[in-house]
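Each chain, letter by letter, is given below.
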Amino acid sequence: MGSLPTMPSLVKVRWFMTSYPLNVWHVIFAVVAIVALRIPVSAARRRFKTTRLRGPPRSSFIYGTAKDTEESSDTGYMYEAWIKDYGAVFEVPVALGRSTIMLFDPKALQHYCARETWTYIALPSSRTAFKRNMGKGVIWAIGEDHRRQRKSLTPAFSHAAIRNLTPIYYNCAYKAKAAWEAIIDAGGGSGAVIEVQKWMNHISLDTIGLACFSHDFGSLDGKPASITAAFDAPADSPTRSARHAGYFVLNQVLPILAHLPTARYKLFRNIRRTLSEICKELLAKTREEKEAGILEGKGDRSIIRLLIQAADAHGSLRLSQEEIMAQMNVLLIAGYETTSISLTWALLELARNTDIQTKLREELLAFAGDPTYDQFSNGLPYLDAVVHETLRLRSPVTELTRIATEDDVIPLSEPVRTRSGKVVDSISVAKGTHIRISIPCINRSNSIWGPDAKEFRPERWLEEDGIPKKAQEIQAYRHILTFSDGPRTCLGKGFAVAEFKAVLIVLIKNFVFELREGSNEVELTWGIFRRPKIAGEVGARVPLYVRRYEG
């Protein structure tokens, strides 16, 4: 080809683009080439700067061991076996040749949790999902954004605020009681088979609506609600297939996959659309009431009022309209699903352990009337033990995976042996390294909680040496990681525990829960989080035989 003709620069460019037209595929190939070059460079840096730990062998280049753990009904048992072989900190192969460091060492966990939101943040794929499904709220936010949003929300979850919400918890529980009595009466007997998980969903949803938004969804009154249909859709769909598990695993190392229109993507899109409509309506209604002066006195107990105050605030605590909508989504999704799962597990465990149920009922009946917030927080020790044993044994959130935003050194309480055979008491972590913790494994670990760690035994919380010293090294709330720890510890844990206790008080005082005749094997199914179900039932159904307590 000859030299370019003499012409002005702009004309040269136009001539070149006309002669050698670019199309979208040229751009895509260029981007792919740049990414392809960066991947091995980043991987080499991580390998050089990160301590090379021992761990299980890679069973697949594409998935590593991640698909095996994702498809497992209980990953805690798999991780415990690896802890015995490789120590409390080890490396597991994940998708496309990458590895993830697993932390089970108490000192390492404390270090990691304390640096969440700054040094360790959610994976890009997770943040994409948070933004898409809930918006740019406190779960999505990191760093200074997270600190500001959390500070704006904190007053809504103080002891004083939760104390004022206690009547709402009781009212919702008593509505369920009345409905169950009507079901039992309609059957003409002293008891009936009741699908308790559905009712725990109703209690949780109406509590969130009234306590957070001064809005009654009416699910306990049988009112059809678009939000309940949206929430129940993931749990009513078939258990995730191997293909879905594979997608989830690859999504953690290829964030672009988070944008693919999968069935689960469409389900969450419908949830987000439904939530957005509800939140806009609630927000508009509350603003109108505030301007009309109707909200005075009424809205003092509602979190939505606090959000509106944050929108009208000036300075560092101000929340944008987009952030307010996101917080409402977070409260509905996180508050609804996790509490209903915990309540369902508690009723299941009490039905399977009738002696524990009887002991709990005796404590509750010995207390005249309904305990106040302060009374059930401090004056009912066996109730407290049952609640926290459920939270320990049956955490709704199972795993947390984070990515390091900078190089770090993580200290260990016990030394581990590296791949080269060297014994170390700390590990180096390079920027870009993935770190994961398994909450069920840590909460139920024999090495941390003792030989009866996997048993439902509330007495451990009351005995003088019931909490082993190793468990006491876990610095999180009540030495369990169910609510996480550090700057990202669950903001609503006090709200959740108070609701949990109030609902159990009403139900256990008035009803006896028993397993049905026949098979009562419990399986896990996927809602937004993993839920229990009775084997053979469609969706996430947990039918129990419920009869009146006659005294």
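Not measured: the values here are computed from a predicted model.

## Notes on the pattern of salt bridges
(1) Moving on: For the structure on display, the rule yields 30 salt bridges.
(2) Moving on: Residues Lys509 and Asp370 are paired through a salt bridge, measuring 3.9 Å at the closest nitrogen-oxygen approach. Note that Lys509 is positioned in helix H21 (residues 493–510) and Asp370 in the loop between helix H15 (354–365) and helix H16 (373–378), a separation of 139 residues in sequence.
(3) Moving on: Lys509 gets classed as buried once you look at its relative accessible area, which sits at 16%.
(4) Moving on: With its nearest N and O atoms 3.2 Å apart, the salt bridge here joins Arg516 to Glu537.

## Description of the packing of aromatic side chains
(1) Moving on: In this structure the tally under the stated criterion is 15 aromatic pairs.
(2) Moving on: On the basis of an interplanar angle of 15 degrees and a centroid distance of 5.7 Å, the ring pair of Phe90 and Phe104 is categorised as stacked. Taken together, the residues span a long stretch of sequence, with Phe90 in strand S1 (residues 89–93) and Phe104 in the loop between strand S2 (99–103) and helix H5 (106–114) at a distance of 14 residues.
(3) Moving on: Its relative accessible area of 5% is what places Phe104 among the buried residues.

## Quick word on the confidence of the model for the protein
It should be kept in mind that the predicted coordinates are not to be read in detail where pLDDT is low.
(1) Moving on: This prediction gives the protein a mean pLDDT of 83; 79% of its residues lie at or above 70.
(2) Moving on: Taken element by element, the protein is modelled with least confidence in helix H1 (residues 9–19), mean pLDDT 50, and with most confidence in helix H17 (residues 381–393), mean pLDDT 98.
(3) Moving on: In the predicted structure, residues 1–7 sits below a pLDDT of 50 and forms five contacts with residues beyond four places in sequence or in another chain.

## Digging into the packing of helix H8 (residues 159–187) against H21
(1) Moving on: Two elements in contact, H8 and H21, have axes whose closest approach is 9 Å; the angle formed by their N-to-C orientations is 35 degrees. Where H8 crosses over H21, the handedness of that crossing is right-handed. Each of Ile162, Leu165, Tyr169, Tyr170, Ala173, Tyr174, Lys177 and Trp180 in H8 lies in contact with H21, whose residues at this interface are Gly494, Phe495, Ala498, Glu499, Ala502, Val503, Ile505, Val506, Leu507 and Asn510.
(2) Moving on: Along the lines of polarity and charge, the residues of the contact of H8 with H21 split into 14 nonpolar, two polar and two charged.

## Observations regarding a nonpolar patch on the surface
(1) Moving on: Taken together, the side chains of Phe61, Ile62 and Leu96 present a nonpolar region at the surface, about 290 Å² in accessible area.
(2) Moving on: Checked against the element boundaries, Phe61 lands in the loop between helix H2 (24–49) and helix H3 (66–71).

## Structural notes on the nonpolar core
(1) Moving on: Counting residues in hydrophobic clusters, the biggest one holds 131 residues, and the most contacted among them are Leu103, Trp180, Ile427, Leu504 and Phe513.
(2) Moving on: When residues of this core are assigned to their parent elements, the largest contribution, 16 residues, is made by helix H14 (residues 321–352).

## Some words on the sheet that holds strand S9 (residues 511–514)
(1) Moving on: Spatially, S4-S12-S9 is the arrangement adopted by the three strands of the open sheet, whose pairing is antiparallel. At either margin of the open sheet sits one strand with a lone partner, and together these are strand S4 (191–195) and S9. For this sheet the average axis-to-axis angle between neighbouring strands, irrespective of direction, equals 35 degrees.
(2) Moving on: In this sheet, strand S12 (residues 543–548) lies alongside S4 in antiparallel orientation, the contact comprising five bridges.

## Quick look at unusual backbone geometry
(1) Moving on: Positive phi, normally seen in glycine, also occurs at Arg478, with a value near 55 degrees.
(2) Moving on: Mapped onto the fold, Arg478 is located in the loop between helix H20 (469–472) and H21.
(3) Moving on: Although it is not a glycine, His479 sits at a positive phi angle of roughly 65 degrees.
(4) Moving on: Topologically, His479 is positioned in the loop between H20 and H21.

## As for the pairing of S2
(1) Moving on: A large share of S2 lies buried, amounting to four of its five residues.
(2) Moving on: The turn joining S1 and S2, which pair antiparallel and follow one another in sequence, is formed by five residues; a positive phi near 55 degrees is taken by Leu96.
(3) Moving on: Across three bridges, the pairing between S2 and strand S8 (residues 434–438) is parallel. Paired with Met102 across the strands is Arg436, a residue of S8.

## Side note on the sheet that holds S1
(1) Moving on: Judged by pairing direction, the sheet is mixed, and its five strands sit side by side in the order S1-S2-S8-S5-S3 without closing on themselves. With partners counted over all chains shown, the strands left at the sheet margins are S1 and strand S3 (120–122), one partner each. Between one strand axis and the next, the sheet turns by 40 degrees as a mean value, whatever way the strands run.
(2) Moving on: Bridging between strand S5 (residues 399–404) and S8 involves five bridges; their strand directions are antiparallel. Considered in S8, the bridge of Thr401 is made with Arg436.

## Looking at the side chain of His202
(1) Moving on: Within the secondary structure, His202 is located in helix H9 (residues 196–213).
(2) Moving on: Taking relative accessible area as the criterion, His202 reaches 15% and is therefore assigned buried.
(3) Moving on: In contact with His202, other than residues within four places in its own chain, are Ser219 and Leu220.

## Looking at H17
(1) Moving on: Across its 13 residues, H17 extends 18 Å between first and last C-alpha, which sits within 8% of the 18 Å expected from 1.5 Å per residue.
(2) Moving on: For H17, the tally of buried residues reaches twelve of 13 residues, placing the bulk of the element in the interior.
(3) Moving on: When H17 is considered as a whole, its buried residues turn out to be Tyr382, Leu383, Asp384, Ala385, Val386, Val387, His388, Glu389, Thr390, Leu391, Arg392 and Leu393.

## Brief notes about helix H6 (residues 124–134)
(1) Moving on: Considered for burial, the residues of H6 that qualify are Ser125, Arg127, Asn133 and Met134.
(2) Moving on: Note on H6: the residue one or two positions beyond its end, Gly135, has a positive phi of about 95 degrees.

Rules and cut-offs
Residues numbered from 1 in each chain as written. Predicted model: local features only at pLDDT ≥ 70, side-chain atom pairs only at ≥ 80, totals over all residues. Heavy atoms only, no water. Salt bridge = Lys/Arg side-chain N within 4 Å of Asp/Glu carboxyl O. Helix = DSSP H or I, 4+ residues; strand = E, 2+ residues; numbered from the N terminus. Buried < 20%, exposed > 50% of the residue type's maximum accessible area, 1.4 Å probe, protein only. Phe/Tyr/Trp six-rings, centres within 6.5 Å; stacked < 30°, edge-to-face > 60°. pLDDT = per-residue confidence, 0-100. Contact = heavy atoms within 4.5 Å. Axes fitted to C-alpha atoms, helices over the stretch in contact; angles between N-to-C directions. Left-handed = near helix turned anticlockwise from the far one by under 90°. Nonpolar A, V, L, I, M, F, W, Y, C, P; charged D, E, K, R; others polar. Patch = residues over 30% accessible without salt bridge, like charges linked within 9 Å, V, L, I, M, F, W, Y side chains within 5 Å. Areas by Shrake-Rupley, 256 points an atom, 1.4 Å probe, with all protein chains shown as cover. Core = buried A, V, L, I, M, F, W, Y, C linked by side-chain atoms within 4.5 Å. Pairing = 2+ DSSP bridges. Expected span 1.5 Å × (residues − 1).

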